[in-house]
Amino acid sequence: MISPWDRWYSTSCCLCCHVRTGTIILGIWYMLINAVVLLILLSALNDPVQYRYHLTSSELGTDVDVMDDANICIATAISLLMILICGMATYGAYKQHAAWIIPFFCYQIFDFVLNTLVAISVVVYPNTVQDYLQQLPGTFPYKEDIMSTNNMCLVFAVLIFIGCILSFKAYLIGCVWNCYRYVSGRGTTEVLVYVTTNDTTVLLPPYEEAIAIPPKEPPPQYMEA
């Protein structure tokens, strides 16, 4: 009986490339995104007056800093950690070290669970969509038109959007998992050598096992009476 893991196992992913190539591309893409975020955060630390966003008194009644130095430092540390995890996945897929891919796979699972909880919260509390729209700045394009839409239509559109994101993330998780299985399988698979003659086919053990087998002792010599 074929297990579900083996049924969905494949060595190819999108664009008909190998799962190793797909994992390397995915790791580099995540590193680039987090590198850009890291540069923005470092710029905000160096010049807080230019990059810090202030809410005006007309919106909240007070002048409040949305992102202070502590939050910027935490976000910077998270970006550095993400760059490290993505770099490990890229290196592990390139050098075929399966253990280096596990942290990136765990991050994908964690991110998928968070997005799933967001979808559940939208279903359980549909008014959160309207509350979120009200918190958007007044310069947000088409804000009034979106808020005038029926709440159920907004919830349905948000669920479709989150569903598409979850489907794409699940596919990427499958690609990374197949890459892990492929890399770990190559490290444990025994190589079998077939010697074919005209009559029979002989299956020989791996070379390391063959040289490890001690030679047989010769039979005792025949002693004449």
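The protein chain is annotated in an unreviewed UniProt entry as Lysosomal-associated transmembrane protein 4B of Takifugu flavidus. Recorded under Sequence similarities (unreviewed entry), the UniProt text for the protein chain is reproduced unchanged: "Belongs to the LAPTM4/LAPTM5 transporter family."

Participant: It is not clear to me how the overall build of the protein chain should be interpreted in this structure. Could you clarify?
Facilitator: The helix and strand inventory of the protein chain stands at 10 helices and 4 strands. Taken from N to C terminus, the helices and strands of the protein chain fall in the order α-α-α-β-α-β-α-α-α-α-α-β-β-α. Relative to all contacts within the protein chain whose residues are 6 or more apart in sequence, the contacts with residues 24 or more apart total 62%. Carbon together with sulfur atoms contributes 67% to the accessible area of the protein chain, which is approximately 16500 Å² in total.

Participant: Whenever I open this one, the UniProt feature "transmembrane region" (unreviewed entry) in the protein chain confuses me. Can you help?
Facilitator: Per the UniProt annotation, the sites labelled "transmembrane region" (unreviewed entry) are residues 28–49, 70–94, 100–125 and 152–172. Taken end to end, residues 100–125 is 88% helix and 0% strand, and its first and last C-alpha atoms sit 39 Å apart.

Participant: What am I meant to see in the environment of P126 here?
Facilitator: Structurally, P126 can be placed in the loop between α6 (102–124) and α7 (128–135). On the accessibility criterion, P126 (24% relative accessible area) is partly exposed. Sequence separation between P126 and L154 is 28 residues; the distance between their C-alpha atoms is 8.9 Å. Contact partners of P126, with chain neighbours within four places excluded, come to N151 and V155.

Participant: Even after reading the chapter, I still don't get the pattern of salt bridges, so can you show me in this structure?
Facilitator: When their charged atoms lie close together, side chains carrying opposite charge are able to pair. Within the structure shown, the criterion is met by 1 salt bridge. For the salt bridge of K169 with D111, the shortest nitrogen-to-oxygen distance reads 2.6 Å. Here the residue K169 occupies a position in helix α9 (residues 151–188), and D111 occupies one in helix α6, the gap between them amounting to 58 residues. The exposure class assigned to K169 is buried, which follows from its relative accessible area of 19%. Judged by relative accessible area, which is 17%, D111 ranks as buried.

Participant: I'm lost on the packing of aromatic side chains in this one. Help?
Facilitator: Any aromatic ring pair is given by two values, namely how distant the centres are and how the planes are angled relative to each other. Under the definition given, this model contains 6 aromatic pairs. Here Y30 and Y107 contribute two aromatic rings whose centre-to-centre distance is 6.0 Å and whose plane-to-plane angle is 85°, an arrangement assigned as edge-to-face. Placement of Y30 in helix α2 (residues 19–46) and of Y107 in helix α6 is noted, with a sequence separation of 77 residues between them. Take Y30: its relative accessible area is 15%, and that puts it in the buried class. Overall, the relative accessible area of 22% leaves Y107 in the partly exposed class. Arranged with centres 4.9 Å apart and planes meeting at 55°, the rings of Y91 and W100 form a pair that is tilted. Judged by its relative accessible area of 36%, Y91 falls in the partly exposed class. Judged by relative accessible area, which is 38%, W100 ranks as partly exposed.

Participant: Explanation requested: the environment of Y107 in the structure shown.
Facilitator: For the pair Y107 and M82, spaced 25 residues apart in the sequence, the C-alpha separation amounts to 8.8 Å. Excluding anything up to four places from it in sequence, Y107 contacts Y30 and M82.

Participant: Would you mind showing me how to read the nonpolar core here?
Facilitator: Generally speaking, a soluble globular protein has its nonpolar side chains buried in company with each other. Within the largest apolar cluster, 17 residues are counted, with the highest numbers of intra-cluster contacts made by L26, F104, C179 and V183. Mapped by element, the contributors of at least two residues to this core are α2, α5 (69–95) and α9. Residues contacting C179, with those up to four places away along its chain left out, are V19, R20, T23, A93 and I101. Core analysis: the second largest hydrophobic core is formed by 9 residues, A119, V122, V155 and I162 among them.

About the cut-offs
Residues numbered from 1 in each chain as written. Predicted model: local features only at pLDDT ≥ 70, side-chain atom pairs only at ≥ 80, totals over all residues. Heavy atoms only, no water. UniProt positions renumbered as here; feature names shortened; annotations may be inferred. Helix = DSSP H or I, 4+ residues; strand = E, 2+ residues; numbered from the N terminus. Contact = heavy atoms within 4.5 Å. Areas by Shrake-Rupley, 256 points an atom, 1.4 Å probe, with all protein chains shown as cover. Buried < 20%, exposed > 50% of the residue type's maximum accessible area, 1.4 Å probe, protein only. Salt bridge = Lys/Arg side-chain N within 4 Å of Asp/Glu carboxyl O. Phe/Tyr/Trp six-rings, centres within 6.5 Å; stacked < 30°, edge-to-face > 60°. Core = buried A, V, L, I, M, F, W, Y, C linked by side-chain atoms within 4.5 Å.

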